[in-house]
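# Tertiary structure, described
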Amino acid sequence: MKKERILVTGGTGYIGSHTVVELQNAGYDVVIIDNLSNSNIDVLDGIERITGIRPAFVEADCTDINSLRKLFEEYPGISGIINFAASKAVGESMQKPVLYYRNNLGTLLNLLDMMAEFNVKGIVFSSSCTVYGEPDVNPVTEAAPIKKATSPYGNTKQISEEIITDTINAGADFKSVILRYFNPVGAHPSAEIGELPNGVPQNLIPYVTQTAMGIRKELSVFGDDYNTPDGSCIRDYINVVDLAKAHVIAVERMLQDKSDKKIEIFNLGTGNGLSVLELINAFETATGVKVPHKIVGRRAGDIEKVWADPRYANEVLGWKAETPIEDTMRSAWNWQCRLRERGVM
Ligand code: UFG
């Protein structure tokens, strides 16, 4: 028997698509809305090849309330929402702040309106460790202070968390789980879905895999003079499938009223910090493929070191990131190889 119907906004995107797979594997009836601004319709084929089920798909923009309302009428009984639909490039957000505020906040506001109108029970929101800025202490717990955002992108995550909190505190009849992701990486082990950035990748792993493939000549390591053991920045790289599974648990928790709290916040990370140089090394060891790289100057706005204390999620959600980094690196590489086989890049 099928479980509840879940609306996944941004469901053809990187984290969205992996979450759709896990939701369908868990028996949920998924409806995707995506404007395909940073993803491809072919992702639906990948999802279908993995799960045997083609999710319902609506091509529309969540900032368009009329399209959204039409979707809720066409697919009645949506019990929960997972909101991935957002613009996510830090650098671009500096150039186009209005676009970021409109997309990210407009989407959330529309969804909150629809939740009230159509009696949706809960929303899982994709937030980010970016809300902690440069943390005073690592690993970072959920109680760490929120630092002033250094980009409009980061600010949209902070404001979104506040919008959800204010709405629920004002008596809205639904729940929310806010998930603060650390650095999601890797791809589905089937290599049917993965990350496919537009143009030159800004994030480390797509740049690593494209360099390993020879698409990029050389990876630039942004700085080796940080206050870390090898001088390069430290992050908490979390496998995207592990991350996706946390969303299924969060949805279940909301829909089955497993918590008394109407709003909960969890850090999703591994608890292990890895430096840029350590990550390159892990990739080379896991795949046997070299990644030509050189040290260059620091990238403006980079955090020196941040990694999660995931114990709250481990204990309360009963969830743990367990994929070894080598497996994650192999999955990223296998995905890059699949893109080459398909002639995508
Ligand atoms: N890096 C390089 N070379 C590159 C790309 C990245 O050395 O070509 C380094 C960065 O300097 C950083 C690390 O690799 O030290 C990770 O960089 P990413 O761009 O992959 O990730 P960030 O930690 O900077 O940003 C990510 C998400 C953001 C989110 C942020 C904090 O991309 O959306 O985490 O949550 F805001």
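## Overview of the overall build of the protein
If you tally the helices and strands in the protein, you get eleven helices and 13 strands. Over its C-alpha atoms the protein spans a radius of gyration of 19 Å, differing by no more than 12% from the 20 Å that the globule rule assigns to 345 residues. Counting only C-alpha atoms, the protein reaches 55 × 45 × 40 Å along its principal axes. Restricting the contact set of the protein to residue pairs at least 6 apart, pairs at least 24 apart contribute 80%. Taking the 35 positively charged and 44 negatively charged side chains of the protein as two groups, their mean positions are separated by 2 Å.

## With respect to the pattern of salt bridges
Enumeration over the complete set of coordinates arrives at 22 salt bridges. For Lys96, the salt bridge identified is with Glu92, shortest N-O distance 3.6 Å. Residue Lys96 is classed as partly exposed on the basis of its relative accessible area of 42%. Linked through salt bridges whose partners overlap, the residues forming this network are Arg49, Glu192, Arg338, Glu341 and Arg342.

## Examining the packing of helix 5 (residues 97-117) against helix 6 (residues 152-169)
Packing of helix 5 against helix 6 leaves a shortest axis separation of 10 Å and a crossing angle of 20°. As summarised for this structure, helix 5 and helix 6 are arranged roughly parallel, according to the angle between their axes. By crossing handedness, the relation of helix 5 to helix 6 is classed as right-handed. Contacts from Pro97, Tyr100, Tyr101, Asn104, Leu105, Leu108, Leu109 and Leu112 of helix 5 reach helix 6 at Pro152, Tyr153, Asn155, Thr156, Ile159, Ser160, Ile163, Ile164 and Thr167. Class assignment of the residues belonging to the contact of helix 5 with helix 6 gives a composition of twelve nonpolar, five polar and no charged.

## Section: unusual backbone geometry
Here Asn138 and Pro139 are connected by a cis peptide whose omega angle stands at -5°. Along the chain, the position of Pro139 falls in the loop between strand 5 (122-128) and helix 6. One non-glycine residue with positive phi stands out, namely Ala191, at about 60°. Take Ala191: it is sitting in the loop between strand 7 (183-185) and helix 7 (204-212).

## Focus on the site of the ligand
Around the ligand, the surrounding shell holds 19 residues, and the nearest of these are Ser128, Asn203, Ser220, Arg235 and Asp302. Between the ligand and the protein, one listed contact pairs an oxygen atom with a side-chain N or O atom of Ser128 at 2.6 Å. In the complex, the protein chains occlude 88% of the 680 Å² of accessible area that the ligand would expose alone. Counting residues per element, the shell around the ligand draws most heavily on strand 8 (residues 219-222), at four residues. Looking at side-chain class alone, the shell around the ligand contains nine nonpolar, six polar and four charged residues.

## Concerning helix 1 (residues 14-25)
Spanning twelve residues, helix 1 covers 17 Å between terminal C-alpha atoms, matching the ideal 16 Å at 1.5 Å per step. Among the twelve residues of helix 1, eleven are classified as buried, and the element is accordingly described as predominantly covered. Turning to helix 1, its buried residues are Tyr14, Ile15, Gly16, Ser17, His18, Thr19, Val20, Val21, Glu22, Leu23 and Gln24. Once helix 1 finishes, Gly27 follows within two positions and takes phi at roughly 100°, a positive value.

## Some details on the packing of aromatic side chains
For the coordinates displayed, the defined rule picks out four aromatic pairs. Summarising the aromatic geometry, the rings of Phe72 and Phe118 are spaced 5.1 Å apart at their centres and angled 25° between planes, so their arrangement reads as stacked. Of this pair, Phe72 sits in helix 3 (residues 65-74) while Phe118 sits in the loop between helix 5 and strand 5, placing them 46 residues apart in sequence. One cation-aromatic arrangement involves Arg298 over Tyr226; the distance from NZ or CZ to the ring centre is 3.9 Å.

## Points about the nonpolar core
Formed by 38 residues in total, the largest nonpolar core has its most connected members in Ile6, Leu23, Leu179, Leu268 and Trp319. For this core, the secondary structure elements donating two or more residues are strand 1 (5-9), helix 1, strand 2 (29-34), helix 2 (43-51), strand 6 (175-181), helix 8 (240-255), strand 11 (263-268) and helix 10 (311-317). Broken down by element, the residue count for this core peaks at nine residues, all from helix 8. Apart from the residues within four sequence positions on either side, Leu23 is in contact with Ile6, Val8, Tyr28, Val30, Ile82 and Val248. Residues Ile33, Val58, Cys62 and Leu112 belong to the second largest nonpolar core, which totals 28 residues.

Conventions adopted
- Sequence positions are assigned chain by chain, starting from 1 and proceeding in written order.
- Side-chain atom pairs in this predicted model are given and counted only at pLDDT of 80 or more, local residue features only at pLDDT of at least 70, and totals for whole chains, interfaces and linings cover all residues.
- The basis for the side-chain values is all heavy atoms of the structure; hydrogens and waters are excluded.
- The helix and strand labels rest on DSSP assignments: H or I over at least four residues marks a helix, E over at least two residues marks a strand, and numbering proceeds from the N terminus.
- Between the two quantities, the radius of gyration covers C-alpha atoms and the globule rule is 2.2 Å times the number of residues to the power 0.38.
- Any two residues whose heavy atoms approach within 4.5 Å at even a single point are treated as in contact.
- When charges are tallied, Lys and Arg are placed among the positive residues and Asp and Glu among the negative ones, while His and the ends of the chain are skipped.
- Each charge is placed at NZ for Lys, CZ for Arg, CG for Asp and CD for Glu.
- What counts as a salt bridge is simple: a side-chain nitrogen of Lys or Arg found within 4 Å of a carboxyl oxygen of Asp or Glu.
- Partly exposed residues are those whose accessible area sits between 20% and 50% of the maximum for their type, while under 20% is buried and over 50% is exposed, using a 1.4 Å probe and protein chains only.
- Structural elements are reduced to axes, namely lines fitted to C-alpha atoms, with helices fitted over the stretch in contact, and the angle between N-to-C directions of any two is expressed from 0 to 180 degrees.
- For classification purposes, an angle smaller than 35 degrees is called roughly parallel, one larger than 145 roughly antiparallel, one from 65 to 115 roughly perpendicular, and anything else oblique.
- By convention the crossing between two helices is left-handed if the near helix lies anticlockwise of the far one by an angle smaller than a right angle, and right-handed if it lies clockwise.
- Residue polarity follows a fixed list, in which Ala, Val, Leu, Ile, Met, Phe, Trp, Tyr, Cys and Pro are nonpolar, Asp, Glu, Lys and Arg are charged, and the others, Gly among them, are polar.
- We define proximity as follows: a residue is near a molecule or strand when any one of its heavy atoms falls within 4 Å of that partner.
- Throughout this description, a polar contact denotes any pair of N or O atoms lying within 3.5 Å of each other; where both atoms belong to protein, one of them has to be capable of donating a hydrogen while the other can accept it, and for residues adjacent in sequence the pair is counted only when both atoms sit in side chains.
- Computed by Shrake-Rupley with a 1.4 Å probe, the accessible areas treat only the displayed protein chains as cover when residues are assessed.
- Expected helix span is taken as 1.5 Å per residue step, with the number of steps being one fewer than the number of residues.
- Geometry of aromatic contacts follows a simple scheme: Phe, Tyr and Trp rings, the Trp one being its six-membered ring, pair when their centres are within 6.5 Å, and the pair is stacked under 30 degrees between planes, edge-to-face over 60, tilted otherwise.
- Sitting over a ring, as applied to charges here, requires NZ of Lys or CZ of Arg to be within 6 Å of the ring centre and within 35 degrees of the ring normal.
- Buried Ala, Val, Leu, Ile, Met, Phe, Trp, Tyr and Cys residues that are joined via side-chain atoms within 4.5 Å together make up what is termed a nonpolar core.

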